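Here is how the chains run, residue by residue.
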Amino acid sequence: MRFVYSDRYRINIGAHVFPTEKYAMVREHLLADAQAVPEDFVAPPEPNVEDIRLVHTREYVDDMLNLRWSQRTVRSELPLTWEIVQGFFLFGAGTIAACRIALEDRVCMHVGGGFHHAFADHGEGFCYVNDIAVGIRKMQQEKRIERAAVIDCDLHQGNGTARIFQDDTSVFTFSIHQEHLYPIKEQSNLDIGLDDETGDDEYLRRLEEAVPGILDGHKPNLVVYVAGADPYRYDQLGTLRLTKRGLAMRDRQVIEGCFRREIPVVVVTAGGYALDTKDTGEIHYNTARECLRVLGQLKPRPSAEPQPSPSPNQTEPPAPETGQS
Ligand SMILES: [Zn+2]
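Owing to the predicted nature of the structure, the values given are computational and were not obtained by experimental measurement. Numbering of residues starts from 1 in each chain and follows the order in which that chain's sequence is written. Given that this is a predicted model, residues contribute local features only at a pLDDT of at least 70 and side-chain atom pairs are listed and counted only at 80 or more, while totals for whole chains, interfaces and linings are drawn from all residues. Excluded from the side-chain calculation are hydrogens and water; included are all heavy atoms of the structure.

### Some thoughts on empty space enclosed by the protein
A probe as big as a water molecule, rolled over the atoms, marks out the empty space that is left. Basically, it comes down to this: Think of a 1 Å grid over just the protein atoms. A cavity is a set of points where a 1.4 Å probe fits yet cannot get out, a pocket is an open set with protein on both sides within 12 Å along at least five of seven lines, and lining residues have an atom within 4 Å of a point. Grid points are joined across faces, edges and corners, and a volume is the space filled by probe spheres set on the points. Just so you know the grouping, Ala, Val, Leu, Ile, Met, Phe, Trp, Tyr, Cys and Pro go in nonpolar, Asp, Glu, Lys and Arg go in charged, and all remaining residues, Gly too, go in polar. Helix and strand assignments follow DSSP, with helices taken as H or I runs no shorter than four residues and strands as E runs no shorter than two, numbered in order from the N terminus.
Scanning the model with the defined rule gives two cavities of 30 Å³ or more in all. Considered as a void within the structure, the largest cavity measures approximately 60 Å³ in volume. In terms of lining, the largest cavity is formed by Ile11, Ile13, Phe18, Thr20, Leu78, Phe88, Phe91, Phe115 and Phe126. Counted by class, the lining of the largest cavity contains eight nonpolar, one polar and no charged residues. For the second largest cavity, the calculated volume is near 40 Å³. In this structure, the second largest cavity is lined by Val150, Asp152, Gly158, Thr161, Ala162, Thr173, Phe174, Ser175 and Ser188. Going through the elements one at a time, strand E4 (148–152), helix H6 (159–164) and strand E5 (171–178) are the ones with two or more residues in the lining of the second largest cavity. Counting residues per element, the lining of the second largest cavity draws most heavily on E5, which supplies three residues. Here the lining of the second largest cavity is built from residues that sort into three nonpolar, five polar and one charged.

Laid out in structure tokens, this is it:
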């Protein structure tokens, strides 16, 4: 399986709740577990500013290129440096690359991207470039697809994506998120706002009620799955209560749902602010495992392999499929 990834995603944003080191952690975990080899990681091409302009207004792009604080850039809650702007443009190029690969291979994971709070004319909520919209618009421009769907399972509503595609019937936007939390909500084609403290069972039930109908009803040629790690029970920014196992089951529902219908799916990582950044890395790694699983490429954990002639007192149960929190 191919992953899109760059070491340049580790952007210096100063002291910040957003851990840009998480991308490298996911890659290292996949390599350490022999689920991937270095050749599986595809670097995004150098970004083309015209691709960014497929979604974002000329004035806003000019503010970014000139590192200009304005009403369009000031709500990003990030610094504005050349490294950061280049990094966000690169995330856009990465999601474009991941969309192309997904259309060839059925499944691709971008270990990056998912910046769903960026609007056409401004950035906000740690997001300068809406790479999700850039990827979809680019695939439409290249006539590789007509219809797309965004299945956004980040803790936060995909407000920027919802607004960008509000009048575009070719793109179905869905968001399941914590209701009483940032941001001010825009209207997606379908929104599920969850109560504080919602746990695995309720979350998975609500998701199952929505996803098959979206895939069968809209019949997208491509799904962008926004697999934020922040619905996790120990996330610093929210109070949903999903476990690591629940999050992996969420991933399985979406990825398998697309795969069974032969709808290509590109996964983007989006948010994740666990108290321990290792948990965020592990949640994204578990998402990669679900991609590998549907493709029949998931390798068994060494501990689950049969042991030669076990002695009677070696009765340790096999490790669970995913880490349990
Ligand atoms: Zn989020």
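### Observations concerning the sheet that holds strand E8 (residues 265–268)
Rules: We treat two strands as partners when DSSP finds at least two bridges between them.
Judged by pairing direction, the sheet is parallel, and its eight strands sit side by side in the order E2-E1-E3-E8-E7-E4-E5-E6 without closing on themselves. Only two strands of the sheet have a single neighbouring strand rather than two, namely strand E2 (41–42) and strand E6 (190–194). In the sheet, strand E7 (residues 222–226) pairs with E8 via four bridges, with the strands oriented parallel. Across the sheet, residue valine 223 finds its bridge partner in E8, namely valine 265.

### A look at the packing of aromatic side chains
Rules: By convention, a stacked pair of Phe, Tyr or Trp rings (six-membered ring in the case of Trp) has centres within 6.5 Å and planes under 30 degrees apart, an edge-to-face pair has planes over 60 apart, and any other such pair is tilted. Buried, partly exposed and exposed residues are distinguished by accessible area as a fraction of the type maximum, computed with a 1.4 Å probe on protein chains only: under 20%, between the cut-offs, and over 50%, respectively. Counted as over-ring charges are cases with an Arg CZ or a Lys NZ within 6 Å of the ring centre that also lie within 35 degrees of the ring normal.
Going through the model one piece at a time under the given rule, you end up with 15 aromatic pairs. Ring geometry for phenylalanine 88 against phenylalanine 91: centres 5.8 Å apart, planes inclined by 70°, an arrangement best described as edge-to-face. Taken together, the positions of phenylalanine 88 and phenylalanine 91, both in helix H4 (residues 82–105) and three residues apart, correspond to about one turn of that helix. Assigned by exposure class, phenylalanine 88 and phenylalanine 91 land together as buried. Relative to tyrosine 273, the ring of phenylalanine 126 lies with its centre 5.9 Å away and its plane at 65°, an arrangement referred to as edge-to-face. With a gap of 147 residues between them, phenylalanine 126 in the loop between strand E3 (107–110) and helix H5 (131–141) and tyrosine 273 in the loop between E8 and helix H9 (277–294) connect regions that are remote in the sequence. Here a set of aromatic residues connected by ring pairs shows up, and it is made of Phe3, Tyr5, Tyr9, Phe18, Tyr23, Phe41, Phe88, Phe91, Phe115, Phe126, Tyr128 and Tyr273. Just above the ring of phenylalanine 41 sits the side chain of arginine 27; from NZ or CZ to the centre is 5.1 Å. For the cation-ring pair, arginine 106 lies above phenylalanine 259, with the distance from its terminal atom to the ring centre recorded as 3.8 Å.

### Structural notes on the environment of phenylalanine 88
Going by this rule: By the convention used here, residues are in contact when the closest approach between their heavy atoms is within 4.5 Å.
Assessed through its relative accessible area of 4%, phenylalanine 88 is described here as buried. In this structure the C-alpha to C-alpha distance between phenylalanine 88 and valine 129, which are 41 residues apart in sequence, comes to 5.9 Å. Among residues more than four places away in sequence, those in contact with phenylalanine 88 are Ile11, Leu78, Phe115, Phe126, Cys127, Tyr128 and Val129.

### A closer look at the pairing of E4
Which entries qualify depends on this criterion: A right-handed crossover is one whose linking path, passing over the helix from the first strand to the second, runs clockwise when the strands point away from the viewer.
Among the five residues that make up E4, five are buried, leaving the element largely enclosed by the rest of the structure. A two-sided burial pattern is seen for E4, the buried positions comprising Ala148, Val150 and Asp152 on one face and Ala149 and Ile151 on the other. In this structure, E4 lies alongside E5, joined through five bridges in parallel fashion. Residue pairing for E5: alanine 149 is matched across the bridge by phenylalanine 172. Remark: the E4/H6/E5 crossover connection has right-handed handedness.

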